[in-house]
Each structure stands twice: as structure tokens, then as C-alpha cells.
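The residues making up each chain are set out below.
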Amino acid sequence: MDNIVILTGAGISAESGVPTFRGPDGLWEGHRVEDVATPEAFDRDPVLVQRFYDARRAALATVAPNAAHRALARLDAAWPGDLLIVTQNVDDLHERGGAKRLLHMHGELRRALCTGCGAAPAWDGDLSGDPPCPRCRQPRLRPDIVWFGEMPYHMDAIEAAIAGCDLFVSIGTSGAVYPAANFVRWAEASGAATLELNLEPSAGTPLFDSARHGPASLLVPALVAELLAG
Ligand code: OAD
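Everything numeric here is computed off the predicted structure, so don't read it as measured data.

## Considerations on the overall build of the protein chain
Helix and strand counts for the protein chain stand at 9 helices and 8 strands. A compact globule built from 230 residues should have a C-alpha radius of gyration of about 17 Å, and the protein chain, at 18 Å, falls within 12% of that. Here the C-alpha coordinates of the protein chain stretch approximately 55 × 35 × 30 Å along the principal axes. Per-residue burial for the protein chain yields a buried fraction of 50% across its 230 residues. Sequence-distant contacts in the protein chain: of pairs separated by 6 or more residues, those separated by 24 or more amount to 64%.

What follows is the structure in C-alpha cells.
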């Protein structure tokens, strides 16, 4: 077992108090995620969309990494082979937990994207009120979030890592959003062992070689201890 790819979703941050997308508390002020997470929604009602992401960005200050984020950071630091954590999450809990080999495939709350000049500055305040881009000074910043219908980030690096991995682990994701939901198929095609860790069986569970169900704060530290013990 040399090379590991780990895909994480909203479930790994749930015990930190970040709401999941499709859980019972997965609505924000009654909006479905599809109603605020599309370029069309932003064109139609930019104030609503900016407020949605401003609220989520501000909420990051009230949450902290949990035992699952910290365990993955321990694995990252100690694992001698290739390792890549690919997160669908736009929170910053993996990096605050200490992970280094990490890619955000759906963007980051703490970054803005200028629709004028393409700059992607670090951003911790609100985007409501149309502040100017630090590079081109135009008031054309949006959240640096990959919306439905847009291309996820880092796909070449992710495909290469999955093609070369021996173990693929999916943690806390419902398997409802593509292309991430297909990663288990790519991993299987490359001959990797595949393991799902999720609170409950997901849409993708039958695609995995094995699955463990329970809270990430228990399952992830246990898996990391097993992997590091060899
Ligand atoms: P979902 O909300 O669809 O799924 C979260 C999964 O985590 C569910 O299967 C839950 O059962 C599981 N879960 C909840 N609590 C857990 C816990 N304590 N431990 C382990 N698992 C737990 O979230 P994602 O699959 O991440 O995209 O959603 C994928 C994408 O859909 C998101 O990245 C977002 C959204 O639209 C964009 O914003 C582009």
C-alpha cells in the first residue's frame, strides 16, 4: 500500500458544526443549494448569492477542525508514499487541522474570484456591497466557488493521482455530485482498493470494495491508526 488518495465531503466537517448540503439541516434560509450555487442564480440574484456565501464564510470563524481532520493531517505528515487529500469542501478545516497535501476541487470560501481580470485573492470579509478587486480595482468579485455547471479545479492532478493510487478512501460524501462521485470508478479501473467511510450507506456504497458506517470523528482516526501501524 504505497499511494493513497482521499476524497472528503461535507460529512467530515459536520461534527465541527458546518452544515452538510443534503442532510436534514442542509437548507439555508429555505434555499436549495442548486438555487444559490449556479452561475444562473448569481446572474439572477447576486445579492442573495453573495449573502449566502458571506454567511458561510463568516461562520468559519465559529468552527474548528475535528478529530477526523486532525487524523488526516497526521497521516499526511507521516505517510511515506504519495498521498493526496481531495476535498469537495469549501471550508478551511483541513488546512487548519494541519493537512498539506490538499486540493480544493470545488474552490474555497476564503478566496474571491474576479470576473473581470481573473485574480483569485485571499478574502476573509464580505463580498456583498461589491468591494473592488485588489488587482484591477473593478467591483466584480464573486466567491471562488465551483458552481453547478462549472469545471472543478485541479482535475488533471486529481486524475493522475487516482491513476497511480493503491488505496482510494471516500469520507463523508453522499456521492450525489459528479465528477467526484466517479472517482471510485476511476480508482477501481486503476486497480486500487476502495473504501468508503460515511455516517450511513450512500448512493455510491455498492461501488466500493468495503464500507464502514459511523461518524467520521471515530472512523477516520481508527483508519489512520491502522494505516500508520502498517
Ligand atoms: P452531502 O451533504 O451531499 O453529503 C454529506 C454526507 O456526509 C452524507 O452522505 C451524510 O450521511 C454524511 N455525513 C453526515 N454527517 C457525518 C459524519 N459525522 N461522519 C461521516 N459522514 C457524515 O455533501 P457532499 O457529498 O460533500 O458542491 O456534497 C457534494 C457537493 O454538493 C458539495 O461539495 C457542494 C454541493 O453542491 C459545490 O458547492 C460545488
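Additional details are given in the paragraphs that follow.
## Concerning the nonpolar core
Judged by nonpolar contacts, the single largest core of 23 residues is most densely connected at I6, L72, V169, I171, L197 and V220. At the level of secondary structure, the elements contributing two or more residues to this core comprise β1 (4–8), α5 (67–78), β2 (83–87), β6 (167–171), β7 (193–198) and α9 (216–229). Here this core gets 6 residues from one element, more than from any other, and that element is α9. Not counting the four nearest positions on each side in its chain, V169 is found in contact with V5, I6, L7, L195, L197 and L223. Judged by nonpolar contacts, the second largest core, of 17 residues, contains V86, M105, C165 and A180.

## So, α5
Over its 12 residues, α5 runs 16 Å from end to end, which matches the ideal 16 Å to within 8%, given 1.5 Å per residue. When we look at burial in α5, the residues that qualify are A68, H69, A71, L72, A73, L75 and D76. Check the buried side of α5 and you find it contacts β1, α1 (11–14), β2, α6 (93–97), β6 and α9. Measuring from the side-chain oxygen of the N-cap residue of α5 to the backbone nitrogen of A68 gives 2.7 Å; that N-cap residue is N66.

Definitions and cut-offs
For every chain, the first residue of the written sequence is number 1, and numbering continues from 1 along that sequence. pLDDT decides what is reported in this predicted model: residues at 70 or higher carry local features, side-chain atom pairs at 80 or more are listed and counted, and totals for whole chains, interfaces and linings draw on all residues regardless. Remark: hydrogens and water are excluded; side-chain values derive from all non-hydrogen atoms of the structure. A run of DSSP states H or I qualifies as a helix once it reaches four residues; a run of E qualifies as a strand once it reaches two. Both are numbered from the N-terminal end. The atom set for the radius of gyration is the C-alpha atoms, and the globule formula is 2.2 Å times the number of residues raised to the power 0.38. Relative accessibility thresholds used throughout: buried, under 20% of the residue-type maximum; exposed, over 50%; partly exposed, between the two (1.4 Å probe, protein chains only). Whether two residues are in contact is decided by their heavy atoms: any pair within 4.5 Å suffices. Nine residue types can take part in a nonpolar core, namely buried Ala, Val, Leu, Ile, Met, Phe, Trp, Tyr and Cys, and a core is a set of them joined through side-chain atoms within 4.5 Å. Take the number of residues in a helix, subtract one, and multiply by 1.5 Å to get its expected span. Distance and chemistry together define a polar contact, namely a pair of N or O atoms within 3.5 Å, with one atom able to donate a hydrogen and the other to accept it when in protein, and with adjacent residues in sequence counting only for side-chain atoms on both sides.

Treat this as a map of the structure, not an account of what it does.
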